[in-house]
Amino acid sequence: MSALIAGVALAVQSRINGELSIRLGDPIGAAVVSFGSGLMVLAVLVPLLPAGRSGLRRLRDGLRVQRIRPWQCVGGMCGGFLVATQGLTVPTLGVAVFVVALVAGQSSSSLLVDRAGAGPSGPQPVTTPRLAGAVLTVCAVLLAVGDRIGHPSALALAVLPLLAGVGIAWQQAVNGHVRVVSGSAMVAGLVNFAMGTSVLLVALAVSVTVRGFPGRLPSGPWWLYAGGVLGIVFIAVGAAVVRYIGVLLLGLGMIAGQVTGALLLDTIVPGAAGRPGWNTLLGAALTLVAVCVAIMPARRRIRCR
């Protein structure tokens, strides 16, 4: 259930950041606002809480004794790329197609990350159901973008969320290590947002040099600035549960939430890309089938315990 809620949060964040990108006229600037606001919330909250302060000390000590490596603290770079991708592609692709492309990359990469043992739960075998779930999600993205075959630019854009999904799997794995060492999901979130914001600020500096400064920040509505808080939910939940269920099952649980949330958004409050077509609906349904196929063996093991 936690992973499902995190997935819905990501789908809503995608729509918010896409809308902010349109109004600001700069997807990189919108990503900086989203990630930066999340960083500001955590930078204030974590030092105020006793658990946050002790978590920071444990992370510092863990780095000193090499219980965790510095490269395991840079997962936020992938998060920064994801948020920038939302602003670049959601206005054109719509939330539903964006999410289906994202989860295709996420599920495929999660399978490899689990097999390599990059997450805190250690190596996970490539079983037939897990492999079938990953393959079905790839088929889902091909089905979902089928009505855009005549639009090469849209298909090219779908590659960006696909790559972002690949990065998410690794991000969740290394954030899980930060969570284990620090003992705090909020500390893991703070590290993630600090790294992502740093990368996005560099990207913004390059963008300003080439294109000039983005437009003025819109005065409203208020929800345009809620993307950072939703990002905190997504990162904190992932960091907290990945050690127990592994990267693939975490990713697939989030996928169920992403697909459900994205379809509801594009159906009830359609964006510039319009309402999802029949192929997007079938692609989303196939994605949910893939989730069920992959998690059933794990659920049986849990019942047996």
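Given the structure is predicted, the values throughout are model-derived calculations rather than measurements. (Residues numbered from 1 in each chain as written. Predicted model: local features only at pLDDT ≥ 70, side-chain atom pairs only at ≥ 80, totals over all residues. Heavy atoms only, no water.)

Colleague: When you look at the confidence of the model for the protein in this model, what are you seeing that I'm missing?
Modeller: Fine structural detail should not be taken from predicted coordinates in areas where pLDDT scores are low. Confidence in the prediction for the protein averages 81 pLDDT; 90% of positions are at 70 or higher. Mean pLDDT in the protein bottoms out at helix α10 (residues 278–304), which sits at 68, and peaks at helix α3 (residues 50–64), which reaches 94. Here residues 301–305 scores under 50 on pLDDT; set against residues more than four positions off or in separate chains, the count is zero contacts. (pLDDT = per-residue confidence, 0-100. Helix = DSSP H or I, 4+ residues; strand = E, 2+ residues; numbered from the N terminus. Contact = heavy atoms within 4.5 Å.)

Colleague: Just to check I follow, could you spell out the packing of helix α4 (residues 76–93) against helix α8 (residues 185–211) for this structure?
Modeller: Contact pair α4 / α8: the axes reach a minimum separation of 7 Å and the direction vectors enclose 55 degrees. Judged by the inter-axis angle, α4 sits oblique to α8. The chirality of how α4 crosses α8 is right-handed. Counting all contacts with α4, which are made through Gly76, Met77, Gly80 and Ala84, the residues of α8 involved are Asn192, Met195, Gly196, Val199 and Leu200. (Axes fitted to C-alpha atoms, helices over the stretch in contact; angles between N-to-C directions. Parallel < 35°, antiparallel > 145°, perpendicular 65-115°, else oblique. Left-handed = near helix turned anticlockwise from the far one by under 90°.)

Colleague: Help me understand the environment of Ala290 in this model?
Modeller: For Ala290, the location among the structural elements is in helix α10. Accessibility expressed as a relative area gives 0% for Ala290, which makes it buried. Counting along the chain gives 155 residues from Ala290 to Val135, while the straight-line C-alpha distance between them is 8.1 Å. Residues in contact with Ala290, not counting those within four places in the same chain, are Gly133, Leu136 and Thr137. (Buried < 20%, exposed > 50% of the residue type's maximum accessible area, 1.4 Å probe, protein only.)

Colleague: Looking at this model, I keep getting lost on the packing of helix α1 (residues 2–24) against helix α9 (residues 227–268). Mind explaining?
Modeller: Axis angle and axis distance: for two packed helices, these are the angle between their axes and the distance between the axes, and together they describe the pair. Packing of α1 against α9 leaves a shortest axis separation of 3 Å and a crossing angle of 45 degrees. Taken together, the axis directions place α1 and α9 in an arrangement best described as oblique. When grouped by side-chain class, the residues that make up the contact of α1 with α9 number 18 nonpolar, 10 polar and two charged. (Nonpolar A, V, L, I, M, F, W, Y, C, P; charged D, E, K, R; others polar.)

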